[in-house]
Amino acid sequence: MADDLVATFRTAPAVRRAGVEDAAALTRLRSRMLAAMGVDGLDEAQWQVTCTRWFRERLSERTLVVAFVVDGELEDGTVGPVACAVGDFHAHAPEPWNPSGRRGHVFNVSTEPDARRRGYARACVAAVMRWFHDESEVTRVGLSATEHGRALYEQLGFTEPHGHELVWRITR
């Protein structure tokens, strides 16, 4: 058993908490994720500028959002984030099982195509989960899973919600 733990530790990717300086990389990875989901309009610069600002503002206040990344070689030969997962909070009215009313949310789970199938996304999501468990008061953490990601999230302990949430989409 101890040998298994040592082997896992040696092969686990090095995960670090992202800082303000990683905001543009988180936007780049978000764009990769959205492209994989078939989202249009990703070449429009304004959403990227706004998204990078959003990450910069929230990462500057360490209690609003948390992001974990794995660094690796990028297409241009430099080293930087090649995988990430982000967590933030949604405010709800308090409930008996959630006195604070705060709920965690995992999103922006993305890995550069050349860095996939190495456990990077798993390591980043696990780091976000540890952060929610150890450093927040939330009792519920949700996420939206694609078919490709669903098995990973279930392996990490995510299950179907107890309620039946419906979504109303407003087209503007």
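Each remark here, short or long, concerns the structure printed above.
These numbers come from a predicted model, not from an experiment.

Peer 1: Summarise helix H4 (residues 120-135); cite the residues concerned and give the values.
Peer 2: Over its 16 residues, H4 runs 22 Å from end to end, which matches the ideal 22 Å to within 8%, given 1.5 Å per residue. Among all positions of H4, only Tyr120, Ala121, Ala123, Cys124, Val125, Ala126, Ala127, Val128, Trp131 and Phe132 are buried. Taken together, the buried residues of H4 touch strand E1 (15-17), strand E2 (65-73), strand E3 (79-91), strand E4 (102-111), strand E5 (141-143) and helix H5 (147-155).

Peer 1: Explain the packing of aromatic side chains residue by residue, including any values.
Peer 2: Scanning the entire structure with this criterion turns up 6 aromatic pairs. Ring centres 5.1 Å apart and planes at 85° place the aromatic pair tryptophan 54 and phenylalanine 55 in the edge-to-face group. Measuring from centroid to centroid gives 5.7 Å for phenylalanine 89 and tryptophan 131, while their planes differ by 50°, and the two rings are tilted. On the criterion of sequence distance, the pair formed by phenylalanine 89 in strand E3 and tryptophan 131 in helix H4 is long-range, its members being 42 residues apart. Considered together, phenylalanine 89 and tryptophan 131 belong to a single accessibility category, that of buried residues. An aromatic cluster is present here, built from Trp54, Phe55 and Phe107 joined pairwise through their rings. The ring of phenylalanine 89 carries the charged tip of arginine 102 above its face, separated from the ring centre by 3.6 Å.

Peer 1: Requested: an account of unusual backbone geometry, with residues and values cited.
Peer 2: In the Ramachandran plot, asparagine 108 falls in the positive-phi region, its phi being about 60° despite a non-glycine side chain. Located in the positive-phi region is arginine 117, a residue other than glycine, with phi close to 70°. Along the chain, the position of arginine 117 falls in the loop between E4 and H4. Assessed through its relative accessible area of 86%, arginine 117 is described here as exposed.

Peer 1: Which residues make up the environment of phenylalanine 158, and what values do they have?
Peer 2: You can see phenylalanine 158 is positioned in the segment after H5. A residue is classified by how much of its surface remains accessible, and phenylalanine 158, at 14% relative accessible area, is buried. Phenylalanine 158 sits 16 residues away from glycine 142 along the chain, and the two C-alpha atoms are 7.8 Å apart. The residues touching phenylalanine 158, leaving out its near neighbours within four places in the chain, are Val106, Met129, Val141, Gly142, Leu143 and Tyr153.

Peer 1: Mind laying out the pairing of E3, listing which residues take part and the relevant values?
Peer 2: The buried fraction of E3 amounts to 10 of the 13 residues, a majority that puts the element mostly inside the structure. In sequence, E2 turns back onto E3 through a hairpin of 5 residues, with glycine 77 there showing a positive phi of about 90°. As defined by bridge partners, E3 adjoins E4 across 8 bridges and the pair is classed as antiparallel. In the strand pairing of E4, cysteine 84 is matched with serine 110.

Rules of the game
- Residues numbered from 1 in each chain as written.
- Predicted model: local features only at pLDDT ≥ 70, side-chain atom pairs only at ≥ 80, totals over all residues.
- Heavy atoms only, no water.
- Helix = DSSP H or I, 4+ residues; strand = E, 2+ residues; numbered from the N terminus.
- Expected span 1.5 Å × (residues − 1).
- Buried < 20%, exposed > 50% of the residue type's maximum accessible area, 1.4 Å probe, protein only.
- Contact = heavy atoms within 4.5 Å.
- Phe/Tyr/Trp six-rings, centres within 6.5 Å; stacked < 30°, edge-to-face > 60°.
- Lys NZ or Arg CZ within 6 Å of the ring centre and 35° of its normal.
- Pairing = 2+ DSSP bridges.

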